[in-house]
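Commentary on secondary and tertiary structure
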Protein chains: 2
Amino acid sequence: MGSLTEENYIKSIYALSEATGEVYVSELAKKLDVKLPSVNSMVKRLATKKLVAYAPYKGIKLTEKGKKEALAIIRKHRLAELFLVKVMGLGWEEVHDIAEQLEHVNSSRFYERIDELLNSPKFDPHGEPIPDSNGKIHTQKRTSLIDLAEGLTATITAVTEDEKSFLDHLNAKGLQIGDAVTIKKRELFDGSITLQHKSKKEILLTHQVAERIWVEMTVTRS
Amino acid sequence: MGSLTEENYIKSIYALSEATGEVYVSELAKKLDVKLPSVNSMVKRLATKKLVAYAPYKGIKLTEKGKKEALAIIRKHRLAELFLVKVMGLGWEEVHDIAEQLEHVNSSRFYERIDELLNSPKFDPHGEPIPDSNGKIHTQKRTSLIDLAEGLTATITAVTEDEKSFLDHLNAKGLQIGDAVTIKKRELFDGSITLQHKSKKEILLTHQVAERIWVEMTVTRS
DNA sequence: ATAAAATGTTAGATGCCTCTAATATTTTAA
DNA sequence: TTAAAATATTAGAGGCATCTAACATTTTAT
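Here the residue index of a chain counts from 1 through its sequence in written order. To label them, take the chains in the order written and letter them from A, then take the ligands in the order written and number them from 1. Local features in this predicted model are restricted to residues of pLDDT 70 or higher, and side-chain atom pairs are both shown and tallied only at a pLDDT of 80 or more, whereas totals for entire chains, interfaces and linings draw on every residue. With hydrogens and water set aside, each side-chain value is computed from the structure's full complement of heavy atoms.

1. Structural notes on the sheet that holds strand 4 (residues 153-159) of chain A
All names here are of chain A.
- A pair of strands is labelled paired if DSSP reports no fewer than 2 bridges between them. A helix here means a DSSP run of H or I that spans at least four residues, while a strand means a run of E at least two residues long, and both kinds are numbered starting from the N terminus. With respect to topology, six strands assemble into an open sheet ordered 3-8-4-5-6-7, the strand pairing being antiparallel. With partners counted over all chains shown, the strands left at the sheet margins are strand 3 (143-144) and strand 7 (202-205), one partner each.
- Summarising the sheet, strand 4 and strand 8 (residues 213-217) pair through five bridges and their orientation is antiparallel. Along strand 8, the bridge assignment pairs Ala 154 with Met 217.

This is the structure in structure tokens:
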């Protein structure tokens, strides 16, 4: 087990490499809110521990060992988020910061039990996949709001994006996980979508927002 | 908020001072499993932060500020233990180490919610009182197994002692929080007690063990 | 009352993680 | 193609938390 700081570096390197492939010292410094030399010396330490492969002036890459550690932390983070929402009844927009701390708890028993209580979930409340205990991510086809034709009804299952501003936006519109919505109108012009919500209110979502909302089709009986 | 290490020092100083009044550098070193000079320099740091009062070669005392911080940590520890047992279904003997980590989580929301879910509990699963959010401990008369007369029936509500060996001992005897027991026989000779348990088994407890078990009298209707 | 034992402190070093200031390399643009 | 801009590294220092070795004080027991 590395230190808390080390875990945060590993996690950030993983996240950045998922997003952009290569990871640079400057990006990492920005993400972790530390200065360049701090990153430089930490990356060197991580390299001696064989957690990253690193050559000066070149990008940073996680080794297999590093990747495994990253996935273990991400698993804990996402399990924690789901647990905070489903078991503890916290709002999806307020769980991220708590999960940032819980992800560093070192107790297989604790996370085993969370996994059991949640019935080995595959996605966290923001729609991100939860790696299994071996670090394997089971990706699975998912349908976004923008994939639905007009008139269809579906249930919101998750959202991507951890950002509080996004989650607050959805809350302000009155949307929650589990809500049933019907596509009222799809604007060809700007890709925005008008929903019919259970509250009977009509809700207008921009394309940018709608594509981040995952749904499950409501089965229509014949 | 102090560092994790600082919190552990504060907590240990509080625990030792509860047990013995005065706290000495050597006791603290033993409890925290570090060498004397480490304690010495940390205590000096804590003194400059006004968390402890300290004069060389004299004992260590928490200031009001230090005491407040200690009680906040203890509150979090005990809430966490109860939560792990009651909400997550973990065994009382396995929650201590996890709570040692959760007690450092910095989120009033998290602990507010735990407190709510547990309905503002007054005692943790080991029978220790839980300070309220102002650091006040509501002590309250409690009845131990050794206070009961023969023939009386009561329900186990908690135990003192955090030690795994003690908790394992009780588990081995088949005793759990919530179990109803009847006092079958009290030995004058050695203070041991024979219980009638719901499982219909008779259980023999030494005085030393029985006095650490808290019970609530079962109300007898007329 | 003093020597031995127990306890506590100081000095100086190390690892982790961060910083600023100075320098080096790589990329980009004139 | 070379100067400017962007990016990365090194050097050196500081705070936190720990250690070992050497020294100081207090307690205890003869």
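2. Quick word on the sheet that holds strand 5 (residues 180-186) of chain B
Residues and elements named next belong to chain B.
- Spatially, 3-8-4-5-6-7 is the arrangement adopted by the six strands of the open sheet, whose pairing is antiparallel. Bordering the open sheet on either side are strand 3 (143-144) and strand 7 (202-205), each of which pairs with just one other strand.
- As defined by bridge partners, strand 4 (residues 153-159) adjoins strand 5 across three bridges and the pair is classed as antiparallel. What sits directly across from Thr 155, in strand 5, is Ala 180.

3. Some details on the packing of helix 1 (residues 4-20) of chain A against helix 3 (residues 36-48) of chain A
Residue and element names in this part refer to chain A.
- Fitted lines through C-alpha atoms give the axes, limited to the stretch in contact for helices. The angle between two N-to-C directions lies from 0 to 180 degrees. Axis separation between helix 1 and helix 3 bottoms out at 11 Å; the angle between their running directions is 95 degrees. Put simply, helix 1 runs roughly perpendicular to helix 3. Of helix 3, the residues touching helix 1 (which contributes Thr 5, Glu 6, Tyr 9, Ile 10 and Ile 13) are Ser 38, Val 39, Met 42 and Leu 46.
- All residues other than Ala, Val, Leu, Ile, Met, Phe, Trp, Tyr, Cys, Pro, Asp, Glu, Lys and Arg, Gly among them, are scored as polar; the first ten of these are nonpolar and the last four charged. Split by residue class, the contact of helix 1 with helix 3 holds six nonpolar, two polar and one charged. Oblique is the label for every angle not falling under 35 degrees (roughly parallel), over 145 degrees (roughly antiparallel), or within 65 to 115 degrees (roughly perpendicular). By definition, residues are in contact when any of their heavy atoms lie within 4.5 Å.

4. Overview of the domain arrangement of chain A
Residues and elements named next belong to chain A.
- Where each domain starts and ends follows an automatic or database-derived domain assignment. In terms of domain boundaries, chain A breaks down into domain 1 (4-62), domain 2 (74-134) and domain 3 (143-217).
- On a C-alpha basis, the centroid separation for the pair domain 1 and domain 2 is 25 Å.
- The partner domain 2 presents four residues to the five residues of domain 1 that form the contact.
- Interface of domain 1 and domain 2: buried area, both sides summed, is about 430 Å²; carbon and sulfur atoms make up 51% of it.
- Buried surface area refers to the total accessible area, computed with a probe of radius 1.4 Å, that the two partners give up upon joining, counted for both partners together. Three residues, Glu 7, Lys 11 and Tyr 14, lead the burial of domain 1 against domain 2; their summed loss comes to 77% of the area buried on that side.
- We count a salt bridge whenever a side-chain nitrogen from Lys or Arg sits within 4 Å of a carboxyl oxygen from Asp or Glu. The tally of links between domain 1 and domain 2 comes to two salt bridges.
- A class-by-class count of the residues in the side of domain 1 that touches domain 2 yields two nonpolar, one polar and two charged.

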